[in-house]
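# Structural features, examined
Chain by chain, the residues:
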Amino acid sequence: MYNAAVAALGRDRVLVDRQCLGVEQDDDGVTVRLRKTSTGATAAAARTEVAIACDGVNSTVRRQFYPDERIAFAGINTRRGVTRHPPILGGRTYMRIGSIRTGKLVVYPIVDDVDGKGNQLINWMAEIQVTGLPSTTGTNRASWRISFRSIGIGDSTGSTSTR
Ligand SMILES: Cc1cc2nc3c(=O)[nH]c(=O)nc-3n(C[C@H](O)[C@H](O)[C@H](O)COP(=O)(O)OP(=O)(O)OC[C@H]3O[C@@H](n4cnc5c(N)ncnc54)[C@H](O)[C@@H]3O)c2cc1C
């Protein structure tokens, strides 16, 4: 994506190692305040006609315009992990088991030959709907957590990790 952007726009138009701190708008355009992500040092501001923020769910720019907004919990807890495993069926299989009402498991490969022995890195994700938890908690998201029993998935290498 970086190479495509540089090819289309020119190298001097694509800044990396920059974190947006906020934007200031006036009648002629926008000033984007920046710092270096790697060191935290202030970087030269960028001046432009239009700024489009696509900085994710914890958007700095959105918080500037809507400081009182809070992320809302939709009632679904997710657990995700990866497992090294021989290719399942043809090695390009996406498995979806259950539904959000019953509990859902989604399993698919994300890396081929992860260990030089032909095993794939298999991504798996379990989703469980819960009720009775608050949809908003300010900045304290810990209250959205539920206890979760360990999930066992066939693993040829004995190596499973979760997060
Ligand atoms: C484990 C996992 C699995 C998922 N699986 C799927 C899936 O299978 N299908 C699906 O449709 N969706 C999936 N999603 C959701 C999907 O990844 C998100 O909805 C999507 O990435 C959101 O895109 P975005 O561009 O809004 O934000 P992001 O992808 O979060 O991009 C925001 C970018 O802005 C950067 N950034 C943040 N703050 C600043 C700042 N101040 N200055 C400069 N840069 C900043 C971040 O580093 C990041 O690169 C998954 C998400 C997760 C976590």
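Our structure is the block above this text.
Per-chain numbering applies: the sequence of each chain, read as written, is numbered from 1 onward. Totals for whole chains, interfaces and linings use every residue, but because this is a predicted model, local features are given only for residues with pLDDT of at least 70 and side-chain atom pairs only at 80 or more, for both listing and counting.

### Remarks on the site of the ligand
Taken together, Gln-19, Cys-20, Cys-54, Asp-55, Gly-56, Thr-60 and Arg-80 are the residues near the ligand. Its residues assigned to classes, the shell around the ligand comprises two nonpolar, three polar and two charged. Here is the check we use: build the C-beta atom from the backbone, and if it is within 6 Å of the molecule or strand, call the residue near. Gly is put with the polar residues, along with every residue not named as nonpolar or charged; the nonpolar set is Ala, Val, Leu, Ile, Met, Phe, Trp, Tyr, Cys and Pro, and the charged set is Asp, Glu, Lys and Arg.

### Thoughts on unusual backbone geometry
One non-glycine residue, Leu-89, lies in the positive phi region at around 50 degrees. Secondary structure elements are defined from DSSP: runs of H or I of at least 4 residues count as helices, runs of E of at least 2 residues count as strands, and each element is numbered from the N terminus. Position of Leu-89 among the secondary structure elements: in the loop between β4 (76-85) and β5 (95-99). Here the C-beta atoms are placed from the backbone, and a residue counts as buried if at least 20 other C-beta atoms lie within 10 Å of its own, exposed if 12 or fewer do, and partly exposed otherwise. In this structure Leu-89 comes out as exposed when scored by C-beta crowding, with 7 C-beta atoms within 10 Å. Notably, Asp-113 is not glycine yet its phi reads approximately 40 degrees, a positive angle.

### What to know about helix α1 (residues 2-9)
Among the eight residues in α1, zero count as buried, and that is only a small part of the element. One or two positions beyond α1, positive phi appears at Gly-10, with a value near 100 degrees.

### Quick look at the sheet that holds strand β1 (residues 19-25)
Paired through their backbone hydrogen bonds, the strands of a sheet run either parallel or antiparallel. Within the open sheet, the three strands sit side by side as β1-β2-β3. Their pairing is antiparallel. Bordering the open sheet on either side are β1 and β3 (42-48), each of which pairs with just one other strand. In this sheet, neighbouring strand axes are inclined to one another by 20 degrees on average, regardless of whether the strands run parallel or antiparallel. Of the pairings in the sheet, the one linking strand β2 (residues 30-35) to β3 comprises five bridges and is antiparallel in character. Residue Leu-34 lies in a different strand from β3, and its bridge partner there is Ala-43. At least two DSSP bridges between two strands are required for those strands to pair. Fitted lines through C-alpha atoms give the axes, limited to the stretch in contact for helices. The angle between two N-to-C directions lies from 0 to 180 degrees.

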